[in-house]
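Overview (structure and organization)
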Amino acid sequence: MAVVSRIFSVLRRMFGGTTSVATVQVDPRSLGRVKLTYSPHADRRPDPGEVVWTWVPYEENDGRGKDRPVLIVSRLAATTCLAVALTSKAHDRDRGAVALGPGAWDQSGRPSWARIDRLFEVHDGGMRREGAALDARRYGLVATGLKARYRW
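What you see is a predicted model, and the numbers here were worked out from it, not measured in a lab. (Residues numbered from 1 in each chain as written. Predicted model: local features only at pLDDT ≥ 70, side-chain atom pairs only at ≥ 80, totals over all residues. Heavy atoms only, no water.)

**Observations concerning the overall build of the protein**
Within the protein, the secondary structure is distributed over two helices and seven strands. Expressed as a percentage of its 152 residues, the buried residues of the protein come to 43%. Pairs at least 24 residues apart make up 63% of the contacts formed inside the protein by residues separated by at least 6 positions. Total accessible area computed for the protein in this model is approximately 8,400 Å², and 51% of it derives from carbon and sulfur atoms. (Helix = DSSP H or I, 4+ residues; strand = E, 2+ residues; numbered from the N terminus. Buried < 20%, exposed > 50% of the residue type's maximum accessible area, 1.4 Å probe, protein only. Contact = heavy atoms within 4.5 Å. Areas by Shrake-Rupley, 256 points an atom, 1.4 Å probe, with all protein chains shown as cover.)

The structure is reproduced here in structure tokens:
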């Protein structure tokens, strides 16, 4: 119990006293049909097609995580979005990843992959900064992968 208490304490400090804006992994079966529409707007609010930075929990769901870029794929509600994490670790031939190549979200210019096998709910208040907008073609590749995987 002490570990859980420590985790919530850290999250409260990170998000200004509340954990309600923490990025959380989402079970795709709980979503129903998801509308995937490319619509980035540079307005400090995450929109589908934008890469933003947020804290993402590790797969072990043990309270640890990492500040990383995520691609917003859909708006779920007024203040929440659906996202997939980006990684620079090569995932060629991995059905859970879509190759994107390099982009402005990675200052080193490394190629990136969108991990479509894990979905995240990102709150507008939990986003640290906008990283870049993906072009419509690459967003389409991710959307196609998500539609095939989750039958949206």
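Moving on, there is more to tell.
**Re the layout of surface pockets**
Computed from the structure, the largest pocket encloses a volume of approximately 530 Å³. Lining the largest pocket are 24 residues, with Lys66, Arg68, Leu86, Thr87 and Ser88 positioned closest to its centre. Broken down by secondary-structure element, the contributors of at least two residues to the lining of the largest pocket are strand S2 (50-57), strand S3 (65-77), strand S4 (80-87) and strand S6 (112-123). In the lining of the largest pocket, the residues fall into eight nonpolar, five polar and 11 charged. (1 Å grid on protein atoms, 1.4 Å probe; cavity = no way out; pocket = protein on both sides within 12 Å on 5 of 7 lines; lining within 4 Å. Points joined across faces, edges and corners; volume = space filled by probe spheres on them. Nonpolar A, V, L, I, M, F, W, Y, C, P; charged D, E, K, R; others polar.)

**Things to note about the nonpolar core**
The biggest cluster of nonpolar side chains holds 22 residues, and the ones touching the most others in it are Val73, Val142 and Leu146. Secondary structure elements with two or more residues in this core: S3, S4, strand S5 (97-101), S6 and helix H2 (136-150). Among the elements that make up this core, the one with the highest residue count is H2 (five residues). Excluding its chain neighbours within four sequence positions, the residues that come into contact with valine 142 are Leu71, Val73, Val84, Val98, Leu100, Ala114 and Ile116. In terms of nonpolar packing, the next biggest core, distinct from the first, is built from 10 residues, Val52, Ile72, Cys81 and Val122 among them. (Core = buried A, V, L, I, M, F, W, Y, C linked by side-chain atoms within 4.5 Å.)

**Describing the confidence of the model for the protein**
On average, residues of the protein score 85 in pLDDT, and 85% of them reach the 70 mark or higher. Mean pLDDT per element in the protein: helix H1 (residues 2-14) is the minimum at 47, and H2 is the maximum at 97. Segment residues 1-9: pLDDT under 50, and three contacts once partners within four positions in sequence are set aside and those in other chains are kept. (pLDDT = per-residue confidence, 0-100.)

**Considering the pattern of salt bridges**
Side chains carrying opposite charge are able to pair once their charged atoms draw close together. A complete count under the given rule lists seven salt bridges for this structure. The closest approach of N and O atoms between aspartate 124 and arginine 45, which form a salt bridge, is 3.2 Å. Note that aspartate 124 is positioned in the loop between S6 and strand S7 (127-133) and arginine 45 in the loop between strand S1 (24-26) and S2, a separation of 79 residues in sequence. Its salt-bridge partner being arginine 138, residue aspartate 135 comes within 2.6 Å of it at the nearest N-O pair. Classification of aspartate 135 by relative accessible area gives partly exposed; the value is 29%. With relative accessibility at 13%, the residue arginine 138 sits in the buried group. Taken together, the shared-partner salt bridges connect Arg45, Arg75 and Asp124 into one network. (Salt bridge = Lys/Arg side-chain N within 4 Å of Asp/Glu carboxyl O.)

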